[in-house]
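Chain residues, written in single-letter form:
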Amino acid sequence: MAALLRNFAGNSWIETGRTFANVNPVNGTKVCDVSEADAATVAHAVAAARRAVEGDWGRMGDAERAALLRKVADRMEARFDDFLAAEIADTGKSQSQARTIDIPRGAANFRIFADLIRAYPNESYEMTTPDGAGALNYSVRRPLGVVAVIAPWNLPLLLLTWKVAPAMAAGNAVIAKPSEETPSTATLLAEVMQEVGIPAGAFNLVHGFGPGSAGELLTTHPGVDAITFTGESRTGTAIMKAAADRVKPISFELGGKNPAVIFADCDFDATVEGMARAVFTNCGQVCMCTERVYVERPIFDRFVRALKEKAEALVLGRPEDAGVDTGPLISAGHRDKVLSYFRLAAEEGAAVVTGGGTPRFGDDRDDGFFVQPTIWTGLGDDARVCREEIFGPVCHIAPFDSEEEAIARANDTDYGLCASIWTQNLSRGHRVARRIEAGLVWVNSWYLRDLRTPFGGVKLSGIGREGGVHSLNFYSEPSNICIKL
Ligand code: NAD
Ligand code: 6OD
């Protein structure tokens, strides 16, 4: 991997002279330096993007643009091992997850939106007029222009490309800002864009932090036409304020405090297996992870014991080691935040079923950012650890006695990203799913994704929907043309 990751704007690689360190969360060592974009670099990227929208890229037909995006997917696959190594170095996530989800999905995002843009219809309506001759309305879709894509660190390539691909498919020029914690795969993506001949300025990359850095410079830049963001809800608030002056379109995928509702008639073993994934995947650092588990009282004790066993069987360690299930948290700062919730749970009176601390390895991993998979019981729904997003390998399990109670408690949250319901009674599955206030509800599953389906949250979990045509609807704007016949 390069010793210094650079910004990319207008087909040129840019060093600003100011750098920050990219740290390996497995042992706290430096992976590489990253050039932090300054105001001039952001302005350069915005100007290059504008030229692309008004130039070759903006004039290109859908078919040609789609063909180029397929080449991006092909090239990402050809460089699979580079992407894999980079994602793992930045995140410490397990090989198996990066190999089966993050990298293939990053490439798939370009292919699916290349296909979808070719099949994206416009509307037309004939209308009657007083003179009897009638009129014809039809809509045409235009790109928004220059789109800022601001991404988090938990699924870095997957979540960046989930926005970059449809934005580009719809004909926008993008300026991508990956998280400061995970700059590497975005930099490889810029290389790929250059290698396959994406026109200058259609894809740009700026590195840096949020406030006072590349993130804020982008969201406040008057030349940015729209902002698409995935991250914490309170960052969403800051970005919304920045976008307000120019009423820029925004699409927000934000935090969650996702419930699971487990009925006594569930397939017990499959449910425990599913919940172990839902709570502990990626060390709990998936926005859809479950942090609140409600279990019908007759199976409560058995379920707690079974999930405890699963948690204690998880192998924590280096991504490259065979059999490792879970890596570290992303940073020392995030580790400290999660540990502060471990302390808070004790203060709030939680019973610790398992975990609650940091593992000891006796090697350099002790300088990394690992925490133990953790389960609590015994708290009321008003405890802060049951209300605030922790974003770690942790859940609280509580018993319930009726369907009504479970629905009310699942919905008693400021968030509304997703939920899962576990029952073999399909009527109940449908009935409960409809009443859960969340953008995504799974029945007898978790994180089972068809990329054409709407994705997003309600309440503090976001604004808007992406996925399939929902993405294309956000990244383009219809204009209605009315022809008097
Ligand atoms: P974050 O909000 O701290 O950062 C996300 C991105 O925003 C980073 O690139 C960061 O540099 C940038 N940023 C921060 N402050 C900014 C500002 N004021 N202006 C412009 N940019 C700014 O989030 P994170 O810690 O990287 O990610 C974890 C969070 O993301 C969790 O809350 C998680 O639930 C959420 N998330 C949500 C989804 C979803 O689809 N709903 C997906 C993944 C993660
Ligand atoms: O799979 C996806 O499309 C998606 N948006 C996942 C989000 C994961 C959040 O951490």
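Attention in this report is confined to the structure presented alongside it. Residue positions within a chain follow its written sequence, with the count starting from 1. Here chains are named by letter from A upward and ligands by number from 1 upward, in the order in which they appear as written. Local features are withheld for residues below a pLDDT of 70 in this predicted model, meaning they are given only at 70 or higher, and side-chain atom pairs are given and counted only at 80 or more; totals for whole chains, interfaces and linings count all residues. Water and hydrogen atoms were dropped before computing side-chain values, which therefore reflect all heavy atoms in the structure.

## Let's talk about the packing of helix 6 (residues 156-169) against helix 16 (residues 468-475)
Item 1. The convention used is that axes are lines fitted to C-alpha atoms, helices contributing only their stretch in contact, and that angles between N-to-C directions extend from 0 to 180 degrees. To qualify as a helix, a DSSP run of H or I must reach at least 4 residues; to qualify as a strand, a run of E must reach at least 2; elements of each kind are numbered from the N terminus. The interhelical angle for the contact between helix 6 and helix 16, taken along N-to-C directions, is 65 degrees, at an axis separation of 9 Å. Crossing of helix 6 against helix 16: the hand is right-handed. Between helix 6, through Lys-163, Pro-166 and Ala-167, and helix 16, the contact on the second element is made entirely by Ser-471, Leu-472 and Tyr-475.
Item 2. Here the nonpolar group is Ala, Val, Leu, Ile, Met, Phe, Trp, Tyr, Cys and Pro; Asp, Glu, Lys and Arg are the charged ones; every other residue, Gly included, is treated as polar. Taken together, the residues of the contact of helix 6 with helix 16 sort by class into 4 nonpolar, 1 polar and 1 charged. By definition, any crossing whose near helix is turned counterclockwise from its far helix by less than a right angle is left-handed, and any crossing with a clockwise turn is right-handed. Residues count as neighbours in contact if any of their non-hydrogen atoms are within 4.5 Å of one another.

## Focus on the site of ligand 1
Item 1. Proximity criterion: a residue is near a molecule or strand once any of its heavy atoms comes within 4 Å of it. Around ligand 1, the surrounding shell holds 30 residues, and the nearest of these are Ala-151, Glu-180, Thr-235, Leu-254 and Glu-389.
Item 2. Under this definition, polar contacts are N or O atom pairs within 3.5 Å; protein pairs additionally need one hydrogen-donor-capable and one acceptor-capable atom, and for neighbouring residues in sequence, both atoms have to be side-chain atoms. Within the backbone of Leu-254, one N or O atom sits 2.6 Å away from a nitrogen atom of ligand 1.
Item 3. In the model, an oxygen atom of ligand 1 is placed 2.5 Å from a nitrogen or oxygen of the Glu-389 side chain.
Item 4. Spatially, ligand 1 is embedded in the largest pocket.
Item 5. Every element with two or more residues in the shell around ligand 1 is listed here: helix 8 (214-219), strand 11 (226-230) and helix 9 (233-244).
Item 6. Counting residues per element, the shell around ligand 1 draws most heavily on helix 9, at 3 residues.
Item 7. Classifying every residue of the shell around ligand 1 gives 16 nonpolar, 8 polar and 6 charged. For cavity detection a 1 Å grid was placed over the protein atoms alone, and a set of points counts as a cavity when a 1.4 Å probe fits there but cannot get out; an open set counts as a pocket when protein lies on both sides within 12 Å along at least five of seven lines, with lining residues being those that have an atom within 4 Å of a point. What decides whether a molecule sits in a cavity or pocket is whether more than half of its atoms lie within 2 Å of the grid points.

## Some remarks on the site of ligand 2
Item 1. Near ligand 2 you find Arg-105, Asn-154, Leu-155, Leu-158, Leu-159, Trp-162, Val-286, Cys-287, Met-288, Tyr-447, Arg-449 and Phe-455, and these make up its full shell.
Item 2. A distance of 2.7 Å separates an oxygen atom of ligand 2 from a polar backbone atom of Cys-287.
Item 3. A distance of 3.0 Å is found between an oxygen atom of ligand 2 and a side-chain nitrogen or oxygen belonging to Tyr-447.
Item 4. In the complex, 99% of the free accessible area of ligand 2, which totals 300 Å², lies under the protein chains.
Item 5. For the shell around ligand 2, the element with the most residues is helix 6, which contributes 3 residues. Per-residue and other accessible areas follow the Shrake-Rupley method at a 1.4 Å probe size, with only the shown protein chains counted as cover for residues.

## Thoughts on unusual backbone geometry
Item 1. Unlike most non-glycine residues, Asn-11 shows phi in positive territory, near 70 degrees.
Item 2. Mapped onto the secondary structure, Asn-11 falls in the loop between strand 2 (7-9) and strand 3 (12-14).
Item 3. Relative accessible area decides the class of each residue, using a 1.4 Å probe on protein chains only: under 20% of the type maximum gives buried, over 50% gives exposed, and in between gives partly exposed. Relative accessible area serves as the criterion here: at 33%, Asn-11 is assigned to the partly exposed category.
Item 4. Even without being a glycine, Asn-444 presents a positive backbone phi close to 60 degrees.
Item 5. Residue classification places Asn-444 among the partly exposed residues on the basis of a relative accessible area of 38%.

## Describing the sheet that holds strand 18 (residues 418-422)
Item 1. Criterion used throughout: strands pair if DSSP finds at least two bridges between them. Pairing in this open sheet of 7 strands is mixed, and the strands run 15-16-17-14-13-18-19 from one edge to the other. Only two strands of the sheet have a single partner each, and these edge strands are strand 15 (351-354) and strand 19 (440-443). Across the sheet, the axes of successive neighbouring strands diverge by a mean angle of 25 degrees, strand direction being ignored.
Item 2. Taken together, the 5 bridges between strand 13 (residues 258-262) and strand 14 (residues 290-296) define a ladder with parallel strand orientation.

## What about the pairing of strand 4 (residues 19-23)?
Item 1. Two strands pair when backbone bridges link them, and strand 4 and strand 5 (residues 30-35) are joined in this way by 5 bridges, in the antiparallel orientation. From the neighbouring strand, Asn-22 faces strand 5, where its bridge partner is Cys-32.
Item 2. Joining the antiparallel neighbours strand 4 and strand 5 is a turn of 6 residues, in which Gly-28 adopts a positive phi near 75 degrees.

## A word on the environment of Ser-420
Item 1. Mapped onto the fold, Ser-420 is located in strand 18.
Item 2. Among the residues examined, Ser-420 registers a relative accessible area of 1% and is labelled buried.
Item 3. Excluding its chain neighbours within four sequence positions, the residues that come into contact with Ser-420 are Pro-259, Ala-260, Val-261, Met-275, Trp-442 and Ser-445.

## Description of empty space enclosed by the protein
Item 1. Grid points are joined across faces, edges and corners, and a volume is the space filled by probe spheres set on the points. Inspection of every chain in the model, using the stated rule, returns 5 cavities of 30 Å³ or more.
Item 2. Space inside the largest cavity adds up to approximately 70 Å³.
Item 3. What lines the largest cavity is simply Arg-105, Leu-155, Leu-158, Leu-159, Trp-162, Glu-253, Cys-287, Met-288, Tyr-447, Arg-449 and Phe-455.
Item 4. No other element matches helix 6, which puts 3 residues into the lining of the largest cavity.

## Quick look at the layout of surface pockets
Item 1. Looking at the largest pocket, its volume works out to about 860 Å³.
Item 2. Elements supplying a minimum of two residues to the lining of the largest pocket: helix 8, strand 11, helix 9 and helix 12 (332-347).
Item 3. Considering each element in turn, the lining of the largest pocket owes the most residues, 5 residues, to helix 9.
Item 4. In terms of residue class, the lining of the largest pocket is made up of 14 nonpolar, 13 polar and 9 charged.
Item 5. Roughly 530 Å³ of internal volume is contained in the second largest pocket.
Item 6. If you trace the second largest pocket, you find 28 residues lining it, with Ser-94, Gln-97, Thr-281, Asn-282 and Asp-325 closest to the centre.
Item 7. Elements with a minimum of two residues in the lining of the second largest pocket: helix 5 (95-118) and helix 10 (268-280).
Item 8. Class assignment of the residues belonging to the lining of the second largest pocket gives a composition of 11 nonpolar, 12 polar and 5 charged.

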